[in-house]
Amino acid sequence: QLKVSNFDRYYLLALAAFILLCAPMCSKFSSKLLVIGLILNSCFAVYGTIACMDVMNFNRAQSMATQRLLNEGIRAEAIDGGPAFVLPIGGKIFSSTFKQGVGWPDSMRGKGERCKLRWWPILGENYIISTREIKDYKVVHRDYYWSPLRWRRQAILTLQIAKAED
């Protein structure tokens, strides 16, 4: 459901620039290398800050969507609102089934093709908070957030199962 895009890994790119910043400690590097390092580090710092804003805006919209469902009386166990929403609710259930190096069994990650969409376990998937439409689900609400990385509004979809499961 979630597209991996600048989430988690955007600061790793700054590592190369940081190494260049350490170059003056070695006498054989020139001051040109320091300037290049400062420029690269500045670029990655700006990129990392913008990516962080993007993630925070996304998380705010995702939280609004899950909160709307809860306010409508939908039980939390029926909602797949992403790992930040589901994992705290599942607590002991998920802890007891997690295997180090393996993760959670496929049976806990949803049915059919939806199992391949997520790495986290779920308690139910009558409602899914997603960035894209999913087969057998209908869109019941759209929340929007500003994505500075894409420089446009992005949608967070609240999906409800459209037909009964087998």
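Our structure's up above, just so we're on the same page.
Numbering of residues starts from 1 in each chain and follows the order in which that chain's sequence is written. It should be noted that, the model being predicted, local features are given only for residues of pLDDT at least 70 and side-chain atom pairs only at 80 or more, the latter also being counted only at that level, while totals for whole chains, interfaces and linings use all residues. Working from all heavy atoms in the structure, the side-chain values ignore hydrogens and water.

Peer 1: Please explain the nonpolar core as it appears in this structure.
Peer 2: Across soluble globular proteins, you tend to see nonpolar side chains buried next to one another. To define a nonpolar core, start from buried Ala, Val, Leu, Ile, Met, Phe, Trp, Tyr and Cys residues and group those joined through side-chain atoms within 4.5 Å. Think of it in three bands: with a 1.4 Å probe and only protein chains considered, a residue is buried below 20% of the maximum accessible area for its type, exposed above 50%, and partly exposed in between. One finds L69, I74, I79, I129 and I156 to be the most contacted residues of the largest nonpolar core, which totals 14 residues. Put simply, DSSP H or I for four residues or longer makes a helix, DSSP E for two residues or longer makes a strand, and each gets a number counted from the N terminus. When contributions to this core are tallied by element, the ones reaching two or more residues are α2 (31-71), α3 (83-97) and β2 (127-130). Element by element, the count of residues in this core is highest for α2, at four residues. Residue contacts for I79: discarding those within four places in its chain leaves T66, L69, L70, I74, F85, V86, G124, Y127 and I129. Within the second largest apolar cluster, six residues are counted, among which are I128, L157, L159 and I161. Residue contacts are counted whenever heavy atoms from the two residues lie within 4.5 Å of one another.

Peer 1: Before we go on, may I ask you to explain α2 in this structure?
Peer 2: Because each turn of an α-helix spans 3.6 residues, side chains separated by three or four positions in sequence point in the same direction. To estimate the expected span of a helix, subtract one from its residue number and multiply by 1.5 Å. For α2, which comprises 41 residues, the first-to-last C-alpha distance of 59 Å matches the rise-based estimate of 60 Å (1.5 Å per residue) to within 8%. Directly after α2, the chain includes G73, whose backbone phi takes a positive value near 95°.

Peer 1: Honestly, the pattern of salt bridges in this entry has me stumped. Any pointers?
Peer 2: Between side chains of opposite charge, pairing is possible as soon as their charged atoms come close. Whenever a carboxyl oxygen of Asp or Glu lies within 4 Å of a side-chain nitrogen of Lys or Arg, that contact is scored as a salt bridge. Summed over all chains, the structure comprises three salt bridges. Salt-bridge contacts for R150 lead to D54; the nearest nitrogen and oxygen are separated by 3.5 Å. Here R150, found in the loop between β3 (137-147) and β4 (152-161), pairs with D54, found in helix α2; they are 96 residues apart in sequence, far enough to count as distant. Owing to a relative accessible area of 27%, R150 belongs among the partly exposed residues under this scheme. R142 is the salt-bridge partner of E133, the closest N and O atoms lying 3.8 Å from each other.

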